[in-house]
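Structure at a glance
Here's the letter readout for the chains.
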Amino acid sequence: MKDYYKEIDQALKSFEDFKPYHTKSIDWICNRIDWCWKFRHITENQMHELADRAVTVMNMRKFF
C-alpha cells in the first residue's frame, strides 16, 4: 500500500532543506494534502502537520 504521508513529507523536505531542485511543486503538495485528507489516506493530525509545514514553506518563499 502506498504511503501518502511519506510521499508528501519527502516533497516538503526538499523545500525545507533549500534544495536547488524539487521533484514536486508546492501547488502539487497542497493539492495532494487536500486529496489525501478528503479520501482519508492521511490522518487529521498528519493533515494539520503537513499543512502547517506547507504554509511555512510558502511564507519562506516571500523572502527569496
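Here's a quick rundown of the structure. As the structure is a prediction and not an experimental result, all values here were calculated from the model. (Residues numbered from 1 in each chain as written. Predicted model: local features only at pLDDT ≥ 70, side-chain atom pairs only at ≥ 80, totals over all residues. Heavy atoms only, no water.)

**Topic: the nonpolar core**
For the record, the criterion: Grouping buried Ala, Val, Leu, Ile, Met, Phe, Trp, Tyr and Cys residues that are joined through side-chain atoms within 4.5 Å yields what is termed a nonpolar core. Each residue's exposure class comes from its accessible area (1.4 Å probe, protein chains only) as a fraction of the maximum for that residue type: buried when under 20%, exposed when over 50%, partly exposed otherwise. Secondary structure elements follow DSSP: runs of H or I no shorter than four residues count as helices, runs of E no shorter than two count as strands, and numbering proceeds from the N terminus. Any two residues whose heavy atoms approach within 4.5 Å at even a single point are treated as in contact.
If you look at the biggest cluster of nonpolar residues, it comprises 14 residues, and the most contacted ones within it are Ile8, Leu12, Ile26, Ile29, Ile33, Ile42 and Leu50. Of all the secondary structure elements, the ones that give two or more residues to this core are helix 1 (4–16), helix 2 (26–38) and helix 3 (44–61). The leading source of residues in this core is helix 1, at 5 residues. Those residues within four positions of Leu12 in sequence are excluded, and the remaining contacts are Ile26, Ile29, Leu50, Arg53, Ala54 and Val57.

**Details of the environment of Tyr21**
Structurally, the position occupied by Tyr21 is in the loop between helix 1 and helix 2. Take Tyr21: its relative accessible area is 64%, and that puts it in the exposed class. C-alpha separation for the pair Tyr21 and Ala51, spaced 30 residues apart in sequence, amounts to 21 Å.

**Quick look at the pattern of salt bridges**
Stated precisely, the cut-off is as follows: Here a salt bridge means any side-chain nitrogen of Lys or Arg lying within 4 Å of a carboxyl oxygen belonging to Asp or Glu.
Within the structure shown, the criterion is met by 6 salt bridges. A salt bridge links Glu7 to Lys2, with the shortest nitrogen-to-oxygen separation between them at 3.5 Å. Across the salt bridge formed by Arg53 and Glu16, the nearest N and O atoms sit 2.8 Å from each other. With Arg53 in helix 3 and Glu16 in helix 1, this pair connects stretches of sequence that are 37 residues apart. Judged by relative accessible area, Arg53 falls into the buried class, the value being 14%. By relative accessible area, Glu16 is classed as partly exposed at 28%. What emerges from the salt-bridge pattern is a single network uniting Asp9, Lys13, Glu16, Glu49 and Arg53.

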